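Now for the letters of each chain:
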Amino acid sequence: MDGAKFQRSDRACGVTLPGVWGHLRANDLQRTGPRRLGWIAVLSVMVPLSLVLAQCGRAPNASTLAANAQAPAGDTFNDRFPTPRLTDRFPSASENFVQRQPAQPSPKVQAEPAPYRVASLGPTVPYQRPDQGDQTTLVSLKSSAFPYLGNNPRTDEPFMNITKGDRRGHRSYGGRVYWQDETYSDSRVLMHVPEHFDVRKPGVIVVFFHGNGATLERDVRDRQLVPQQISDSGVNAVLLAPQLAVDAADSSAGKFWQPGGLKRFLDESSGHLASLYGDAGAAKTFANMPVILIGYSGGFLPTAWSLEVGGLGNRVRGVFLLDAVYGELDKFASWIEHNRTGFFVSAYTRYTKRHDQELIQMLKEKGVAVTDALDGPLRPGSVVFVQSADGVTHRDYVTHAWTDNPVREVLIKMAASPALTRVAAGEQSATSR
């Protein structure tokens, strides 16, 4: 072999290494044995290599450093390592891998129906109402007493009989003008469902018509304690109390003057009572539940007209007047005479004594038995007039009459007769005369 082929150049150190064959002469090879020749070859390689390594370990000279410091203008970090572009991160269309399509599931084979019925894992039980306290709220209803744009049946003229610019109002029986936006625009109804109420048991809906100068929150709920009296009675009853004329000396009945007004009111209320109770399915039960009407003071007017044209027929199982016989005696007497399945109670003070005595006389002439004591259960056909002692005030009559909490007392005595709270089989809400 030619010894020149074994020469190599180390560009990093700038040193040229002679080949092994440059150090050995041909005549030396002839005189040296094979064993000695091996040692000579090893030494020939190791010595030049050590010189090269020593040369590379030295610090570079000044001219070399200056040359490296003066890098070309275009040789920057960004030139060497450019920022990758969006196209560099994602393969092109030609480089994309072919999407692997998932295998289509095999169609399910419809199992043959079992020749028997599988029993439920749990027992089937009726709906259980969640535990909750008394529920009281205010709900706006279209069928509530106001707003009312119909006629006043007493005069057969428009109820809103006063105008002033864009405002409309009503001149009351006493001559005072009440404006629609202030007095006759509240369509809310106070609804109350006691904690103990159970829609699966016989029960009643109490419709309470408040007196003059009242609001639902301030008077019916907080001062007269009507919701609380119903709860305290323990009777299976719920409450509906529509707002009449707001804080005004006016007994107008509004939509309860209209034929079927009370029935529409109860029909619309049934869904809201069911929601308040916590069981939407109870709406049908509320829509057929017996009704007790309670009228206090000026509430006599919507009570009387609801009996006359309300459209509930014998679904009304009782009437309770709290110092409220100021007129409409013929309507009360007619209902008592023709509805012997319900009870009638009138508790009065000296302010309404004259009218109560007149109504008693009308009933006796019709052959209706009347009693003056409420010391036993109320039964279908019971007619009771209870006079309160002197010193009992009209303003506090809903909570202090012949007894404290008279609403509670009447409901307890009513509950002693199951026939008053039971829905008659196949009963239809016949339209009143």
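Everything numeric in this text was worked out from a predicted model, so none of it was measured.

A.B. asks: Whenever I open this one, the overall build of the chain confuses me. Can you help?
C.D. replies: What the chain contains, in helices and strands, is 15 helices and 15 strands. Here the chain, with 433 residues, has 42% of them falling under the buried criterion. Of the contacts formed within the chain by residues at least 6 apart in sequence, a portion of 77% connects residues at least 24 apart.

A.B. asks: What's the story with the sheet that holds strand S12 (residues 291-296) in this structure? I'm lost.
C.D. replies: Within a sheet, neighbouring strands are paired by backbone hydrogen bonds and run either parallel or antiparallel to one another. Taken in spatial order, the 8 strands make up an open sheet running S3-S9-S11-S10-S12-S13-S14-S15, and their pairing is mixed. Where the open sheet ends on each side, the last strands, each with one partner, are strand S3 (135-140) and strand S15 (383-387). With direction set aside, neighbouring strand axes in the sheet form an average angle of 15 degrees. When strand S14 (residues 343-348) meets S15, the two strands line up parallel, connected through 5 bridges. Within S15, the residue paired with Phe344 across the bridge is Val383. The strands touched by helix H9 (residues 226-233) within the sheet are strand S9 (188-193), strand S10 (204-209) and strand S11 (237-242), with S11 carrying the most contacts at an inclination of about 170 degrees.

A.B. asks: I keep staring at the sheet that holds strand S6 (residues 162-164) and nothing clicks. Help me out?
C.D. replies: Taking strand neighbours across the sheet as the criterion, the 3 strands line up as S6-S7-S8 in an open arrangement whose pairing is antiparallel. Each edge of the open sheet is held by one strand with a lone partner, namely S6 and strand S8 (177-179). When strand polarity is set aside, the average angle formed by the axes of neighbouring strands in this sheet is 35 degrees. Relative to strand S7 (residues 167-171), S6 is paired through 3 bridges, and the arrangement is antiparallel. Its bridge partner being in S7, Ile162 is matched across the sheet by Gly169.

A.B. asks: In this structure, what is going on with unusual backbone geometry? I would like to understand it.
C.D. replies: In this chain, Phe146 is followed by Pro147 through a cis amide linkage whose omega measures 0 degrees. Within the fold, Pro147 resides in the loop between S3 and strand S4 (151-152). Of note in the backbone geometry, Leu225 takes a positive phi value of approximately 55 degrees without being a glycine. The residue Leu225 is located in the loop between helix H8 (216-223) and H9 in this model. Notably, Ser297 is not glycine yet its phi reads approximately 55 degrees, a positive angle.

A.B. asks: Got a minute to help me understand the pairing of S7 in this structure?
C.D. replies: A regular strand places its side chains on the two faces of the sheet in alternate fashion. Between the antiparallel neighbours S6 and S7 lie 2 residues, among them Gly165 with a positive phi of about 65 degrees. Pairing geometry for S7 and S8, over 3 bridges, is antiparallel. When the sheet's bridge partners are listed, Arg171 is paired in S8 with Val177. Where S7 folds back on S8, the antiparallel hairpin that results is connected by 5 residues, among which Gly175 adopts a positive phi of roughly 95 degrees.

A.B. asks: Help me understand the environment of Gly260, please; the structure alone is not making it clear to me.
C.D. replies: Here Gly260 lies in the loop between S11 and helix H10 (261-277). For the pair Gly260 and Val309, spaced 49 residues apart in the sequence, the C-alpha separation amounts to 6.0 Å. Not counting residues up to four positions away in its chain, the partners in contact with Gly260 are Val309, Gly310 and Gly311.

A.B. asks: It is not clear to me how the packing of aromatic side chains should be interpreted in this structure. Could you clarify?
C.D. replies: Here the distance between the centres and the angle between the planes together describe a pair of aromatic rings. On inspection of all chains with the given rule, the structure shows 15 aromatic pairs. Their ring planes at 80 degrees and their centres at 5.0 Å tell us that Phe159 and Tyr184 sit as a pair that is edge-to-face. Note that Phe159 is positioned in the loop between strand S5 (157-158) and S6 and Tyr184 in the loop between helix H7 (180-183) and S9, a separation of 25 residues in sequence. Of the two residues examined, Phe159 and Tyr184, each falls in the buried class. One aromatic cluster is present, formed by Phe146, Tyr148, Phe159, Tyr184 and Trp257 through successive ring pairs. Here the guanidinium or amino end of Lys331 rests over the ring plane of Trp305, the centre of that ring lying 4.4 Å away.

A.B. asks: Mind showing me how you'd approach the pairing of S15 here?
C.D. replies: With 4 of 5 residues buried, S15 is to be regarded as a mostly interior element. In this fold, S14 hands off to helix H14 (residues 353-365), which returns the chain to S15; that crossover is right-handed.

A.B. asks: How do you make sense of the layout of surface pockets when you look at a structure like this?
C.D. replies: To find the voids left in a structure, one rolls a probe of water-molecule size over its atoms. Roughly 580 Å³ of internal volume is contained in the largest pocket. Forming the boundary of the largest pocket are 26 residues, of which Arg154, Tyr173, Asp250, Ser251 and Leu301 lie nearest the centre. Secondary-structure elements contributing two or more residues to the lining of the largest pocket are S5, S7 and helix H12 (300-309). Top contributing element to the lining of the largest pocket by residue count: H12, with 3 residues. Residue composition of the lining of the largest pocket, by class: 10 nonpolar, 11 polar and 5 charged.

About the cut-offs
Residues numbered from 1 in each chain as written. Predicted model: local features only at pLDDT ≥ 70, side-chain atom pairs only at ≥ 80, totals over all residues. Heavy atoms only, no water. Helix = DSSP H or I, 4+ residues; strand = E, 2+ residues; numbered from the N terminus. Buried < 20%, exposed > 50% of the residue type's maximum accessible area, 1.4 Å probe, protein only. Contact = heavy atoms within 4.5 Å. Pairing = 2+ DSSP bridges. Axes fitted to C-alpha atoms, helices over the stretch in contact; angles between N-to-C directions. Phe/Tyr/Trp six-rings, centres within 6.5 Å; stacked < 30°, edge-to-face > 60°. Lys NZ or Arg CZ within 6 Å of the ring centre and 35° of its normal. Right-handed = clockwise from strand over helix to strand, strands pointing away. 1 Å grid on protein atoms, 1.4 Å probe; cavity = no way out; pocket = protein on both sides within 12 Å on 5 of 7 lines; lining within 4 Å. Points joined across faces, edges and corners; volume = space filled by probe spheres on them. Nonpolar A, V, L, I, M, F, W, Y, C, P; charged D, E, K, R; others polar.

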